[in-house]
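Each chain is listed here by its residues.
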Amino acid sequence: MRFYLSLTIVALGVMNAGFVSAKSSPVSGTEKPSRGWHFYEDPELVDEEKQEVPKAQPSAQPNNKKQPEMVEINSAWLKENLPKLLNTAIDDPSTENISNYYYAQRLAIDKANAFSDQTKEFFMFEEQLSESNRRPNSSNALFAHKVKTNKDKAKVFNSLFDKAGLWMFYRSDCPYCHQQFPAMESLAKIMGVDVLAISMDGILLDKEFPGVKHVIDPNMTLSRKFQVNITPTTMLVSNDGQHFQTIKYGMASGSELVQRALYAAKRMNLISEEQFVKTQEVKDILVSKEPLVVEKQKLEDNPSILSDLLRKRLNEINLSTTSKAQ
């Protein structure tokens, strides 16, 4: 019994000495203190400042992908690219290239047809721009227009040939002069034109062509004055001889001579511009005789200003086969 008691005391002493030694001995940074069988560690405190904060997930980035450029296949695009498509098809006439050109051309034709149809409808109701105002195109209107023009032409001709006449220089041996005389006789007989036939070689043809008056040019005086060296030559000459204009070298029909005489008379101020216009079967309708001046900004903002201005000017012109209401 004593033996076991002594053994127990010795064991307790040894354990107590080990405990004291463990408390007094320093512990290195890499060594852990020894633990007994009754060891239990408290949970280690975590420094809040050192605690890692979960990183925020990056937000979705905006889609910076470049959007494709769009192009309208309009008349401007077709005007620029149809020649390119055609050249490509000519250089490489593959099915694809030919198809590219002709389908694009079909679109251009469709646009042109649509424009044409709308233009036709537009001119039905925009009388001021109709070409029939220059010269009617329906049979009854054209007939009425010609009757009116011929009456006006006769009045102007009477006024003109009260102030001037036609001179025809000829030679007796000129075959073209012989062929020209019938037209000159018709003008004298039908339209009352004063025609003077002047012989340059001193041989008169008054017996062959009695429908006009014949005279001799002594010593080529008139021929040199008017610088005539071709036969036949027809001139419009004022009654006082101060104003003249050559209207034809060589042969011409009576209608051509009449028209040329009217232009010459206008140049010579023997008839007015208004009188001249009345003699023309195709009316010369002009809206640009006077300058067109508008405010630049207003025109850019509203292009209709120009059409309204021109429409107003056309309304002031007597249109073909119409009369102004009094």
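Residues numbered from 1 in each chain as written. Predicted model: local features only at pLDDT ≥ 70, side-chain atom pairs only at ≥ 80, totals over all residues. Heavy atoms only, no water.

Caption draft 1: Spatial organisation of the pairing of strand β5 (residues 244-249). Note that strand β4 (residues 233-238) and β5 share 5 bridges and pair antiparallel. Among the inter-strand pairings, Val-237 is bridged to a residue of β5, identified as Phe-244. Adjacent in sequence and paired antiparallel, β4 and β5 are bridged by 5 residues, among which Gly-241 carries a positive phi angle near 75°. (Pairing = 2+ DSSP bridges. Helix = DSSP H or I, 4+ residues; strand = E, 2+ residues; numbered from the N terminus.)

Caption draft 2: Spatial organisation of unusual backbone geometry. Note the cis peptide between Thr-231 and Pro-232, where omega equals -10°. In this fold, Pro-232 is placed in the loop between α6 (221-225) and β4. The phi dihedral of Asn-219 is positive, around 55°, even though this residue is not glycine. Secondary-structure assignment places Asn-219 in the loop between β3 (213-216) and α6. Overall, Asn-219 belongs to the exposed group, its relative accessible area being 64%. Of note in this structure, Met-220 is not a glycine but carries a positive phi near 60°. (Buried < 20%, exposed > 50% of the residue type's maximum accessible area, 1.4 Å probe, protein only.)

Caption draft 3: Expanded view of the pattern of salt bridges. Scanning all chains against the criterion turns up 9 salt bridges. One salt bridge in this structure joins Asp-173 and Arg-171, with 3.1 Å as the shortest N-O distance. For Arg-171, a relative accessible area of 32% translates into the label partly exposed. Put simply, Lys-248 and Glu-256 hold a salt bridge, and the shortest N to O gap is 3.7 Å. You can call Lys-248 buried: its relative accessible area is 18%. Taken together, the shared-partner salt bridges connect Glu-126, Asp-308 and Arg-311 into one network. (Salt bridge = Lys/Arg side-chain N within 4 Å of Asp/Glu carboxyl O.)

Caption draft 4: Molecular detail of helix α3 (residues 95-125). Taking 1.5 Å of rise per residue, 31 residues should cover 45 Å, and α3 covers 46 Å from first to last C-alpha, within 8% of that figure. For α3, the full list of buried residues reads Asn-97, Tyr-101 and Ala-104. Where α3 is buried, its residues contact α2 (75-91). (Expected span 1.5 Å × (residues − 1). Contact = heavy atoms within 4.5 Å.)

Caption draft 5: Representation of the packing of aromatic side chains in the model. For the structure on display, the rule yields 9 aromatic pairs. Arranged with centres 5.6 Å apart and planes meeting at 85°, the rings of Trp-167 and Phe-226 form a pair that is edge-to-face. Here the residue Trp-167 occupies a position in strand β1 (residues 164-170), and Phe-226 occupies one in the loop between α6 and β4, the gap between them amounting to 59 residues. By relative accessible area, which is 18% here, Trp-167 ends up buried. Phe-226 gets classed as buried once you look at its relative accessible area, which sits at 6%. Seen in terms of ring centroids, Tyr-263 and Phe-276 are 4.7 Å apart; in terms of plane orientation they differ by 65°. Their pairing is edge-to-face. One end of the pair, Tyr-263, is in helix α7 (residues 254-267); the other, Phe-276, is in helix α8 (residues 273-278), and 13 residues separate them in sequence. Three or more aromatic residues link up through ring pairs in this structure, and these residues are Trp-167, Phe-169, Phe-226 and Phe-244. Against the face of Phe-276 rests Lys-266, its NZ or CZ located 4.2 Å from the ring centre. (Phe/Tyr/Trp six-rings, centres within 6.5 Å; stacked < 30°, edge-to-face > 60°. Lys NZ or Arg CZ within 6 Å of the ring centre and 35° of its normal.)

Caption draft 6: Molecular detail of a nonpolar patch on the surface. Together, Leu-292, Val-294, Leu-299 and Leu-306 make up a nonpolar patch on the protein surface, roughly 270 Å² of accessible area in all. With respect to the secondary-structure elements, Val-294 resides in the loop between α8 and α9 (296-301). Val-294 sits in the partly exposed class, given a relative accessible area of 36%. (Patch = residues over 30% accessible without salt bridge, like charges linked within 9 Å, V, L, I, M, F, W, Y side chains within 5 Å. Areas by Shrake-Rupley, 256 points an atom, 1.4 Å probe, with all protein chains shown as cover.)

Caption draft 7: Summary view of the pairing of strand β2 (residues 195-199). Counting buried positions over the 5 residues of β2 gives 5, a clear majority of the element. Of the two faces of β2, the one holding Val-195, Ala-197 and Ser-199 and the one holding Leu-196 and Ile-198 are both buried throughout. Both β1 and β2 contribute to a ladder of 5 bridges, which runs parallel. Note that in β2 the partner of Leu-166 across the bridge is Val-195. For the crossover from β1 across helix α5 (residues 175-190) to β2, the handedness is right-handed. Pairing of β2 with β3, which is carried by 4 bridges, proceeds in the parallel orientation. The partner of Ser-199 across the bridge, within β3, is Ile-216. (Right-handed = clockwise from strand over helix to strand, strands pointing away.)

Worth remembering: the numbers are spatial, not functional.
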